[in-house]
Amino acid sequence: MSSSALDRLRGLFRRRVAAHPAFATTPLRPEFGGEHLPGNGVWGDSHVAYLGATDRARFRLHARDGLLYTADGTLFDTTEASTLWSPTGGRAIFVMDADGIIYSSPRHLLGRFHHSSFLAGGPVAAAGELVARDGRIVMVSDHSTHYRPAPRFTNQILDSLRAQGIPTDAVSVEFHFAEQTGT
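Residues numbered from 1 in each chain as written. Predicted model: local features only at pLDDT ≥ 70, side-chain atom pairs only at ≥ 80, totals over all residues. Heavy atoms only, no water.

J.: How should I be thinking about the packing of aromatic side chains in this particular structure?
T.: One pair of aromatic rings is described through two measures. These are the centre distance and the angle between the planes. One pass over the full model with this rule turns up four aromatic pairs. On the numbers, 5.5 Å between centres and 35° between planes, the contact of F59 with F113 is tilted. Linking F59 in the loop between α2 (53-56) and β1 (62-64) with F113 in the loop between β4 (102-105) and α3 (115-118), this pair joins segments that are 54 residues apart in sequence. A relative accessible area of 12% places F59 in the buried class. (Phe/Tyr/Trp six-rings, centres within 6.5 Å; stacked < 30°, edge-to-face > 60°. Helix = DSSP H or I, 4+ residues; strand = E, 2+ residues; numbered from the N terminus. Buried < 20%, exposed > 50% of the residue type's maximum accessible area, 1.4 Å probe, protein only.)

This is how it looks when you write it as structure tokens:
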């Protein structure tokens, strides 16, 4: 094989490896299929917003100097956030995609905005709730009825955070869903 042909093969291999997702994913639970469509059988009179890439970018978290920041550059803080499971506040919903990108919203609205909203019903590498103070992650949970991620998926967000330079040694983790066979 010629040197140029070998170089082309190496290039193809590198691109293929680079295109492989960094994290395993779990799909949306089947009972939520079609929830984004008006008149769906899941939410009755409402439907869940599914975000495209442009709208999703508003919810992306970025790591810098060991802290997490929101898309607008402010320190990520969930003090004023609330989820359906923590209506008194302090927690935000999040998902992580296969590349380790984390999206979070301070509002979780029944039948309108859920974990499935971020990736338009696509599979996630992690999903649940986050607690953060001044850019520091305090707690991660797997509390997502839409995905019910097994512990191995929740552990992936800790791996992603560490890879981005975010300390995780003091982060508490709440597991609500057990590992399921075949997932």
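J.: Help me understand the sheet that holds β4, please; the structure alone is not making it clear to me.
T.: Strand pairing in a sheet relies on backbone hydrogen bonds, with the paired strands running either antiparallel or parallel. If you walk across this open sheet you meet the five strands as β4-β3-β5-β6-β7, and the pairing is mixed. Here the strands that pair on one side only, and so sit at the sheet edges, are β4 and β7 (172-174). Averaged over all adjacent pairs, the angle separating strand axes in this sheet is 30°, with direction ignored. Relative to β7, strand β6 (residues 136-141) runs parallel, the two sharing three bridges. (Pairing = 2+ DSSP bridges. Axes fitted to C-alpha atoms, helices over the stretch in contact; angles between N-to-C directions.)

J.: Sorry, what's going on with a nonpolar patch on the surface here?
T.: Residues L84, W85 and L110 make up a contiguous nonpolar surface patch of about 280 Å² in total accessible area. Looking at where L84 falls in the secondary structure, it is placed in the loop between β2 (67-69) and β3 (92-96). (Patch = residues over 30% accessible without salt bridge, like charges linked within 9 Å, V, L, I, M, F, W, Y side chains within 5 Å. Areas by Shrake-Rupley, 256 points an atom, 1.4 Å probe, with all protein chains shown as cover. Salt bridge = Lys/Arg side-chain N within 4 Å of Asp/Glu carboxyl O.)

J.: Can you walk me through the pairing of β4 in this structure?
T.: For a regular strand, side-chain orientation follows a simple rule: the groups alternate between the two sheet faces. Neither face of β4 is open: one carries I102 and S104, the other Y103 and S105, and all of them are buried. In this sheet, β4 lies alongside β3 in antiparallel orientation, the contact comprising four bridges. Paired with F94 across the strands is S104, a residue of β4. Hairpin remark: β3 followed by β4, antiparallel, with five residues in the connecting loop; positive phi at G100, about 85°.

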